[in-house]
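# Chain and residue survey
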Amino acid sequence: MNELPQQLANGLILGAMYGLIAVGYTMVYGIVQLINFAHGEIFMIGGFGALTIHLWFPDAPLLALIPLMIVFAVICSVAVGAAAERFAYRPLRGAPRLAPLITAIGLSLVLQQAIWKWYPDATKDQPFPQFEGDPLSFLGADIKVNSLFILIAAPICMIALGYFVNKTRAGRGMQATAQDPDTAKLMGVNTDRIIVMAFAIGAAFAAIAAVGYGLHQGQVGYLMGLIMGLKAFTAAVLGGIGNIYGAMLGGIVLGLAEALATGYMADVPGMELFGGGAWKDVWAFVLLIVVLLVRPQGLLGERVADRA
């Protein structure tokens, strides 16, 4: 029990990263019913965009550099996300669903290999700049200074997104397009612009998560989008694919489940072999299966009958 606050803090940090990335999956799916499996690589590109700023200004104080790193990471991720929508997904919008799905997997591999080949020294993990300082103690948990970024950024991003979706004209257009794109178009909503906006917002959130990942892990690599993207997609399904608040909730639940399973599963009688970090990914998917067996639409998802 003495370790519980620390495990909860670890789970919240991990879950906040999953949730920010999962928002991109759920926004795109909610509007065009597309699973953008290249989203993990868009997250990865944001991390390398932030690293680029540090390499350009290696002697600048990190605190002063962080805003510029965030901006450039967002620019890189949004540019790639918008280009993917325009040139890879839009031509296939009327095609069978399998076609854009395969395209997304292919695009994921292309982006991954492009960074591996053309970004300097990307064949190995690159060190990410770190804040100096002792961990902060809070309610019995030690939280690294570098991990505070994601804990602060996640709620700010979700509050801003909630305001945008519910209070702005573009946000209402996004809701209308998600509910009925044909009717929204007849009412004067530019659905193409709305779809690009969904890709851009999801990419921006992924870029912010990538900065948090780099600060928390101390490194970025060209393969980092693979497992993080898969976990974020799991979080989106867990929370209810298509629900932005469900995406964050799913991320938090998934992160807490991983942290608690890693910390405590080995202490359960008969489960000694299934504890530790090597099994954390397994328990994440076990949780997903259990939740979907009980509630197939996810934690905050709507049943088809409810929509009718």
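Residues numbered from 1 in each chain as written. Predicted model: local features only at pLDDT ≥ 70, side-chain atom pairs only at ≥ 80, totals over all residues. Heavy atoms only, no water.

Turning our eyes to something else, we now look at the packing of helix 9 (residues 224–239) against helix 11 (residues 280–294). At their nearest, the axes of helix 9 and helix 11 sit 10 Å apart, and the two run at 20° to each other. Of the possible angle classes, the one that applies to helix 9 and helix 11 is roughly parallel. Handedness of the crossing formed by helix 9 with helix 11: left-handed. Here Ile227, Leu230, Lys231, Thr234, Val237 and Leu238 of helix 9 lie close against helix 11, whose contacting residues are Asp281, Ala284, Phe285, Leu287, Leu288, Val291 and Leu292. When grouped by side-chain class, the residues that make up the contact of helix 9 with helix 11 number 10 nonpolar, 1 polar and 2 charged. (Axes fitted to C-alpha atoms, helices over the stretch in contact; angles between N-to-C directions. Helix = DSSP H or I, 4+ residues; strand = E, 2+ residues; numbered from the N terminus. Parallel < 35°, antiparallel > 145°, perpendicular 65-115°, else oblique. Left-handed = near helix turned anticlockwise from the far one by under 90°. Contact = heavy atoms within 4.5 Å. Nonpolar A, V, L, I, M, F, W, Y, C, P; charged D, E, K, R; others polar.)

With that settled, the discussion passes to a nonpolar patch on the surface. Nonpolar side chains collect at one region of the surface, where Val282, Val286, Ile289, Val290, Leu293 and Val294 lie side by side and expose about 560 Å² of accessible area between them. With respect to the helices and strands, Val286 occurs in helix 11. (Patch = residues over 30% accessible without salt bridge, like charges linked within 9 Å, V, L, I, M, F, W, Y side chains within 5 Å. Areas by Shrake-Rupley, 256 points an atom, 1.4 Å probe, with all protein chains shown as cover. Salt bridge = Lys/Arg side-chain N within 4 Å of Asp/Glu carboxyl O.)

This part covers empty space enclosed by the protein. Per the counting criterion, the structure on display carries 1 cavity of 30 Å³ or more. Of the voids in this model, the largest cavity is the one considered here, and its volume is about 40 Å³. Of all the secondary structure elements, the ones that give two or more residues to the lining of the largest cavity are helix 1 (4–32), helix 2 (39–56) and helix 8 (191–217). Per-element tally for the lining of the largest cavity: the top contributor is helix 8, with 4 residues. In terms of residue class, the lining of the largest cavity is made up of 5 nonpolar, 4 polar and no charged. (1 Å grid on protein atoms, 1.4 Å probe; cavity = no way out; pocket = protein on both sides within 12 Å on 5 of 7 lines; lining within 4 Å. Points joined across faces, edges and corners; volume = space filled by probe spheres on them.)

Take the side chain of Thr234 next. Within the secondary structure layout, Thr234 lies in helix 9. What makes Thr234 buried here is its relative accessible area of 2%. Other than its neighbours up to four places away in sequence, Thr234 contacts Leu254, Phe285 and Leu288. (Buried < 20%, exposed > 50% of the residue type's maximum accessible area, 1.4 Å probe, protein only.)

Spanning 16 residues, helix 9 covers 23 Å between terminal C-alpha atoms, matching the ideal 22 Å at 1.5 Å per step. Across the 16 residues that make up helix 9, a large majority, 13, are buried. Trailing helix 9 by a residue or two, Gly240 shows a phi angle of about 115°, which is positive. (Expected span 1.5 Å × (residues − 1).)

Counting residues in each nonpolar core, the largest one holds 84 residues, and the members touching the most others are Leu20, Phe43 and Tyr89. Phe43 has contacts with Ile21, Ala206, Ala209, Ala210, Tyr213, Met224, Gly225 and Met228, leaving out every residue within four places of it along the chain. (Core = buried A, V, L, I, M, F, W, Y, C linked by side-chain atoms within 4.5 Å.)

Moving on: unusual backbone geometry. The backbone phi angle of Gln33 is positive, close to 50°, even though this residue is not glycine. Positive phi is not limited to glycine here, since Asp121 has a value of about 60°. Along the polypeptide, Asp121 turns up in the loop between helix 4 (98–118) and strand 1 (126–127). Here Asp121 falls in the partly exposed class, since its relative accessible area comes to 48%.

A word on the pattern of salt bridges. Taken as a whole and judged by the stated rule, the model has 4 salt bridges. One salt bridge connects Arg90 with Glu85, and the closest N-O pair in it is separated by 3.0 Å. Overall, Arg90 belongs to the partly exposed group, its relative accessible area being 23%. The residue Lys231 makes a salt bridge to Glu258 at a minimum N-O spacing of 2.7 Å. Remark: Glu258 occurs in helix 10 (residues 244–264) and Lys231 occurs in helix 9; sequence separation between them is 27 residues. Take Lys231 and Glu258: they sit in the same class, and that class is buried.

For the rest of this paragraph, the subject is helix 11. With 15 residues, helix 11 ought to run about 21 Å at 1.5 Å a step, and its terminal C-alpha atoms sit 22 Å apart, in line with that. Buried-residue contacts for helix 11 involve helix 9 and helix 10.

Before going further, it helps to examine the state of the cysteines. Each disulfide is one covalent bond, formed between the sulfur atoms of two cysteines. Tallied over the entire structure, the rule returns 0 disulfides. Cys157 provides the cysteine sulfur closest to Cys76, a residue in no disulfide bond, and the two sulfurs are 17 Å apart. (Disulfide = S-S within 2.5 Å.)

Overall, the predicted model of the protein reaches an average pLDDT of 88, with 93% of residues at or above 70. The secondary-structure element of the protein with the lowest mean pLDDT is helix 12 (residues 304–307), recorded at 44, while helix 2 shows the highest, at 96. Confidence drops under pLDDT 50 across residues 304–308; counting only partners more than four residues distant or on other chains, this segment forms 1 contact. (pLDDT = per-residue confidence, 0-100.)

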